[in-house]
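Close look at the chain arrangement
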Amino acid sequence: MAGSAPRRSTLGTIVPLIAKRVLSALVTLLLVSVVIFTISGLLPGDAAQEVLGQSATPEQVTALRHEMGLDRPAHIRYFTWLGGIVRGDPGMSYIADMSVGEMISSRLGNSMTLAGITALISVVLALVIGISSAINRGGKLDQVLNTVTLALVAMPEFLIATLGVFVFSVKLLWLPSIAMVSPEASWSDMLRSLALPILSLTFVVVAQMARMTRAAVADQLDRPYVEMAKLKGVPFSRIVLFHVMPNAVGPVVNAMALSLSYLLGGAIIIETIFNFPGLASLMVNAVTSRDMPLLQTCAMIFCGVYLAMVLIADTVAILANPRLRA
Amino acid sequence: MIGGNLSRRDIISTGLAGAGLLALGGCGGEGGKPRARRGGSIRAATLGLSNADTLDPAKGGTAGDYTRHFMLYNGLTMIEDDSLRPRPSLARTIESDDQITWRIDLQRGVRFHDGSELTSEDVVYSLLRHKDPLVASKMATVAEQFAEVRAEGRHGVIVRLTAANADLPTMLSQSHFLIVRNGQAAPDGNGTGPFKLEEFRPGVRTVGVRNEEYWIPGRPHLERVEVIGIPDEVSRVNALLSGDIQICNAVNPRSTRRVEADPNYAIMATPSALYTNLVMLQDQLPTGNPDFVQAVKLMIDRPLIKRALFRDYATIGNDQPIAPFQPYFNHDLPQTVLDLDKARWHVQRGGLSGVRMPVYASTAAEGSVDMASVLQEYGSKVGLNFAVNRVPADGYWSTHWMRHPMFFGNCNPRPTADLIFSLFFDSNAKWNESRWHNERFDRLLIEARGEGDEARRGELYGEMQRIVHDKCGVAIPVFINLLDGYDRRLKGLRPVPLGGFMGYRFAEYVWWED
């Protein structure tokens, strides 16, 4: 009886909360799409001009604009696109002779693989570093880990990536300097070519997550309930994992959500340095070629992933911490 | 782990050794030239690929596109050495008596990758599609010269131009005029070229495998060529030095020392007519004032620009668009040199002392930002106050180029003197960058275009260069060399001054040797 009542109330609070968040996420997405459409409309030139380049004749530009539908008023173009995306069809790319869905699907897989592996490694690493650093507060290990993570936070990713390439590819010839992702490559080939991008990205995100974990855990370790548990003779590992972590998990998962959503859309520098065919470079490409349907759809994906991550983080925090359910 | 890399290279080399032995018997006929080996697979990286990559020669706009198109298709003519003279390719002969009506006789028995035979219909279709605005051909303006293109029999084509043009064979050697299959609205790589298309993913890569039935015997030598794009220059050079690619283009002059420090890699410098020019609009003041133009031309420190900006990988320019190594270059034209006293005199005579002028520069025009800074420095010494406005590369050509009194332009090498003059210096040209107007020049342009006599043509182009050098509001400080980095085991490379990668045609000529 005592066990079932809170569970029902947990569900009772979580479900409306998630529903509300999903609804507001949809509104946010809509607003973002309007903002992106408006701002990208302010960019000089359009897709027709970019395709034809310097040597365009006015007749060509007019003909191509008509074919692309760029001669229609802005709001009609917007609502056509919106109607499409609601039905799940993001339309045709202006530039490549392909549907946006087709273009994104291959890149999305690549980005997901990169982000997924990096996330797996960095979350585990961050938790280990953060917790061991927090329980050794002031000790040698803590100092070393602190220095290292602070140094990594301060180091820009292009520096880490460039140094990595210089050492491991150019000097030692161990790893390829560019991430060649081809469908026929085996898993081991792929891991080898992804090693440097994963290494650089892990360095970037692990530091932030580890710092956040350390702060949250350290904060909890000072609480009276920890002392109480110690006095009761609970083993220290149990105190950390079952007493402290549920209380510390809120800020930790939030930091993780932010870092992980960054992995998908913010990896542009890493994608550029390693020539990785990911989603971020596709979007930058879409901006320079003024390929609106592609740009909009990429933006929707990034925004959607971000919102989903934050939502998951909040839900986890609430589920882990009974006090937040009230 | 070092061993891991070696074995990767060994796989390539053993494959080569086997294929090489087979090929030795076949290619002994080339006199003193080194013998080309058959086999090998290389990866080449160009400046950048994007979603706009295309298999349609007419739409090609980047080095990656040109390279891909030359792998898959052939032109009627081709340029394959530094003489820049067109040679017959799919056209056995191309001749004309009046430079207006041209008679083309095609090679017999040439087959497309799908097995169908090349006929005059394919050529007619390939040439005429440039006139369709929906094809969005980069050569639409040039194709306006085709008054009529028709087949004459199975292997003959007649091209009638709207006016005489002796350069037609050269123009047809450009990648845009490569021959596609009749009726293909969106060409899919089915050409007559040295490589068959195995894989094409826009923005990612192109893979070509040797066309075993290529109509030129003994070519190509390579088994497989993969073309990828690496936009970041540092990454491109790193990829070369770590053995991930075997050749790349657009190496920054600053990286050349790094590449050459390693005995396994080398730089191929291709002198080219690529230039970044400072433009002064002639229909505005003070840029339209001849004294202003002269003063600016006199205060450009060309040797400094050549040395500091391009590490000597450049040729000094003389404010006219024909480079010294190109046909028709006028050797008698005095070289403009840095002369601040003379510049000051022009400034004072024109009443221009203290004039404040914004100059628009951008990374879109290679080297222009640094050139503008150099100009600013010398300007302050002669009483001209230049303000350097550095603007973003994105959208530069549509928003800044030709929209301010003083700005930088950038012009890729064009295959003929006529093209460069008619595109950028003809008074009525859309990109008459400086909006100058010179009737004599315009008359000479038309006369030279139709002139069949080479000596007379040279005289005409010589005089046009003098007029541009003296009167036009365009300063051309240097011609910029194109730098390719390559693995020394890649043999047979030679510069062709139309572009990097042997004028984008390296895949057909090079071979791999350990």
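For clarity, every value in this text was computed on a predicted model and none was experimentally measured.

Some remarks on the overall build of chain A
A count of helical and extended segments in chain A gives 13 helices and zero strands. When its helices and strands are written in sequence order, chain A yields α-α-α-α-α-α-α-α-α-α-α-α-α. By its C-alpha atoms, chain A is 85 × 60 × 35 Å across when sized along the principal axes. Considering chain A as a whole, with its 326 residues, one finds that 47% of them fall into the buried category.

Topic: the overall build of chain B
Counting its secondary structure elements, chain B contains 17 helices and 22 strands. Taken against the 2.2 N^0.38 rule, which gives 24 Å for 514 residues, the C-alpha radius of gyration of chain B at 24 Å falls within 12% of a compact globule. Looking at chain B as a whole, 60% of its 514 residues qualify as buried. Within chain B, counting contacts between residues at least 6 apart in sequence, those at least 24 apart form 69% of the total. Accessible area for chain B stands at about 19,500 Å²; split by element, carbon and sulfur atoms hold 50% of it. Mean positive and mean negative side-chain charge positions of chain B (59 and 62 charges, respectively) differ by 3 Å.

Describing unusual backbone geometry
Of note, the amide linkage connecting R219 of chain B to P220 of chain B takes the cis form, showing an omega dihedral of -10 degrees. With respect to the helices and strands, P220 of chain B occurs in the loop between β9 (205–210) and β10 (224–229). Omega for the peptide link from L285 of chain B to P286 of chain B comes to 5 degrees, which places this bond in the cis form. Of note, P286 of chain B is situated in the loop between β13 (275–280) and α8 (290–298). Unusually for a residue other than glycine, N275 of chain A sits at a positive phi of about 55 degrees. Take N275 of chain A: it is sitting in the loop between α11 (268–273) and α12 (279–288).

Concerning the pattern of salt bridges
Oppositely charged side chains can pair when the atoms bearing their charge come close. All names here are of chain B. On inspection of all chains with the given rule, the structure shows 39 salt bridges over all chains. A salt bridge links R37 to E513, with the shortest nitrogen-to-oxygen separation between them at 3.4 Å. Residue R37 is found in the loop between α1 (2–24) and β1 (41–46), and its partner E513 is found in the segment after β22 (511–512); the two are separated by 476 residues along the sequence. Salt-bridge contacts for R302 lead to D319; the nearest nitrogen and oxygen are separated by 3.0 Å. Taken together, the residues R302 in helix α9 (residues 302–309) and D319 in the loop between β14 (314–316) and α10 (340–349) connect sequence positions 17 residues apart.

Focus: the packing of aromatic side chains
Residue and element names in this part refer to chain B. Taken as a whole and judged by the stated rule, the model has 17 aromatic pairs over all chains. Here the aromatic residues Y328, F421, F425, W436, F441 and Y461 are joined through ring pairs into a cluster of three or more. The cationic tip of R494 hangs over the ring face of Y509; the distance from NZ or CZ to the ring centre is 5.4 Å.

As for the packing of helix α13 (residues 417–424) of chain B against helix α15 (residues 454–471) of chain B
Residues and elements named next belong to chain B. Remark: α13 packs on α15, axes separated minimally by 12 Å, with the N-to-C direction vectors making an angle of 35 degrees. For α13 against α15, the interelement crossing comes out left-handed. Residues A417, D418 and F421 of α13 form the contact with α15, whose own contacting residues are Y461, M464, Q465 and V468. Per-class residue counts for the contact of α13 with α15 are five nonpolar, one polar and one charged.

Describing the pairing of strand β4 (residues 91–95) of chain B
All names here are of chain B. In the sheet, β4 pairs with strand β5 (residues 101–106) via four bridges, with the strands oriented antiparallel. Looking at β5, one finds that I94 is bridged to I104. Count of turn residues in the β4/β5 antiparallel hairpin: five residues, of which Q99 carries a positive phi of about 60 degrees.

A word on the side chain of S133 of chain A
Residue and element names in this part refer to chain A. If you trace the backbone, S133 turns up in helix α5 (residues 100–135). Judged by its relative accessible area of 3%, S133 is buried. Setting aside residues no more than four positions away along its own chain, S133 makes contact with D142, L145 and R214.

Observations regarding the interface of chain B and chain A
How big an interface is tends to be expressed through the accessible area that disappears when the partners come together. Between chain B and chain A, the residue contacts involve 45 residues of the former and 44 residues of the latter. Taking both sides of the interface into account, the surface hidden between chain B and chain A amounts to around 3,500 Å²; carbon and sulfur atoms contribute 56%. For the pair chain B and chain A, the interface holds zero salt bridges. For the interface between chain B and chain A, the tally reads five residue pairs in polar contact (both at pLDDT 80 or more).

A word on the confidence of the model for chain B
Summary statistics for chain B give a mean pLDDT of 88 and a share of 93% for residues scoring 70 or more. Our summary of model confidence lists the complex with pTM equal to 0.81 and ipTM equal to 0.74.

Thoughts on the pairing of strand β6 (residues 146–152) of chain B
Residues and elements named next belong to chain B. Note: β6 against strand β7 (residues 156–161), six bridges, orientation antiparallel. When the bridges of β7 are listed, E152 appears paired with G156. A loop of three residues connects β6 with β7, the two strands running antiparallel in sequence, and G153 in this loop sits at a positive phi of about 80 degrees.

Describing the sheet that holds β7 of chain B
All names here are of chain B. Strand order in this open sheet of four strands is β4-β5-β7-β6, and the pairing throughout is antiparallel. Unpaired on one side and paired on the other, β4 and β6 mark the two borders of the sheet. Averaged over neighbouring strand pairs, the angle between their axes works out to 15 degrees when direction is ignored. Across the face of the sheet, helix α3 (residues 120–128) comes into contact with β5, β6 and β7 while running at roughly 165 degrees to β6.

Section: the nonpolar core
By size, the foremost hydrophobic cluster in this structure holds 89 residues, and its most contacted members are V217, F274 and L294 of chain A together with I245 of chain B. The element best represented in this core is helix α8 (residues 187–221) of chain A, accounting for 13 residues. In this structure, F274 of chain A is in contact with A161, V165, S177, I178, A179, L196, P197 and S200 of chain A, ignoring residues within four places of it in sequence. The next biggest cluster of nonpolar side chains, apart from the first, holds 74 residues, and it includes Y275, L281, F424 and L444 of chain B.

A closer look at the sheet that holds strand β20 (residues 482–487) of chain B
Residues and elements named next belong to chain B. Pairing is mixed across the open sheet formed by seven strands, whose spatial order is β8-β9-β10-β1-β11-β20-β12. A strand with exactly one partner marks an edge of an open sheet, and here the two such strands are β8 (195–201) and β12 (265–270). Direction of pairing for β1 relative to β10: parallel, over a ladder of six bridges. In the sheet register, S41 faces β10, and the bridge partner there is R224. Sheet contacts for helix α2 (residues 63–72): β1, β8, β9 and β10; angle to β8, the most-contacted strand, approximately 145 degrees.

Re the confidence of the model for chain A
Residues and elements named next belong to chain A. The pLDDT averaged across chain A works out to 83; a share of 93% of its residues lies at or above 70. Mean pLDDT across the elements of chain A bottoms out in helix α2 (residues 47–52) (76) and peaks in helix α9 (residues 224–232) (89). Predicted confidence is poor over residues 1–6, with pLDDT under 50, and the contacts of this stretch with residues over four places away or in other chains come to zero contacts.

Thoughts on the state of the cysteines
Per the stated rule, a full pass over the model turns up zero disulfides over all chains. Left unpaired, C411 of chain B is separated from the closest cysteine sulfur, that of C472 of chain B, by 12 Å.

Considerations on helix α7 (residues 157–171) of chain A
Since the α-helix advances by 3.6 residues per turn, residues separated by three or four positions end up pointing in the same direction. Taking 1.5 Å of rise per residue, the 15 residues of α7 of chain A would be expected to cover 21 Å, and the 20 Å separating its terminal C-alpha atoms lies within 8% of that figure. Once α7 of chain A ends, the next one or two residues include L173 of chain A, with phi positive near 55 degrees.

So, α12 of chain A
For α12 of chain A, the tally of buried residues reaches seven of 10 residues, placing the bulk of the element in the interior. Taken together, the buried positions of α12 of chain A are L279, A280, S281, L282, M283, N285 and A286 of chain A.

Some remarks on the environment of T101 of chain B
Residues and elements named next belong to chain B. Its place among the elements puts T101 in strand β5. The class of T101 is partly exposed, set by a relative accessible area of 31%. Along the chain, T101 and P220 lie 119 residues apart, while their C-alpha atoms are 34 Å from each other.

Rules and cut-offs
- Residues numbered from 1 in each chain as written.
- Chains lettered and ligands numbered in written order.
- Predicted model: local features only at pLDDT ≥ 70, side-chain atom pairs only at ≥ 80, totals over all residues.
- Heavy atoms only, no water.
- Helix = DSSP H or I, 4+ residues; strand = E, 2+ residues; numbered from the N terminus.
- Buried < 20%, exposed > 50% of the residue type's maximum accessible area, 1.4 Å probe, protein only.
- Rg over C-alpha atoms; globule rule 2.2 N^0.38 Å.
- Contact = heavy atoms within 4.5 Å.
- Areas by Shrake-Rupley, 256 points an atom, 1.4 Å probe, with all protein chains shown as cover.
- Lys, Arg positive; Asp, Glu negative; His and termini not counted.
- Charge placed at Lys NZ, Arg CZ, Asp CG, Glu CD.
- Salt bridge = Lys/Arg side-chain N within 4 Å of Asp/Glu carboxyl O.
- Phe/Tyr/Trp six-rings, centres within 6.5 Å; stacked < 30°, edge-to-face > 60°.
- Lys NZ or Arg CZ within 6 Å of the ring centre and 35° of its normal.
- Axes fitted to C-alpha atoms, helices over the stretch in contact; angles between N-to-C directions.
- Left-handed = near helix turned anticlockwise from the far one by under 90°.
- Nonpolar A, V, L, I, M, F, W, Y, C, P; charged D, E, K, R; others polar.
- Pairing = 2+ DSSP bridges.
- Buried area = accessible area lost by both parts, 1.4 Å probe.
- Polar contact = N/O pair within 3.5 Å; in protein donor to acceptor, adjacent residues only side chain to side chain.
- pLDDT = per-residue confidence, 0-100.
- Core = buried A, V, L, I, M, F, W, Y, C linked by side-chain atoms within 4.5 Å.
- Disulfide = S-S within 2.5 Å.
- Expected span 1.5 Å × (residues − 1).

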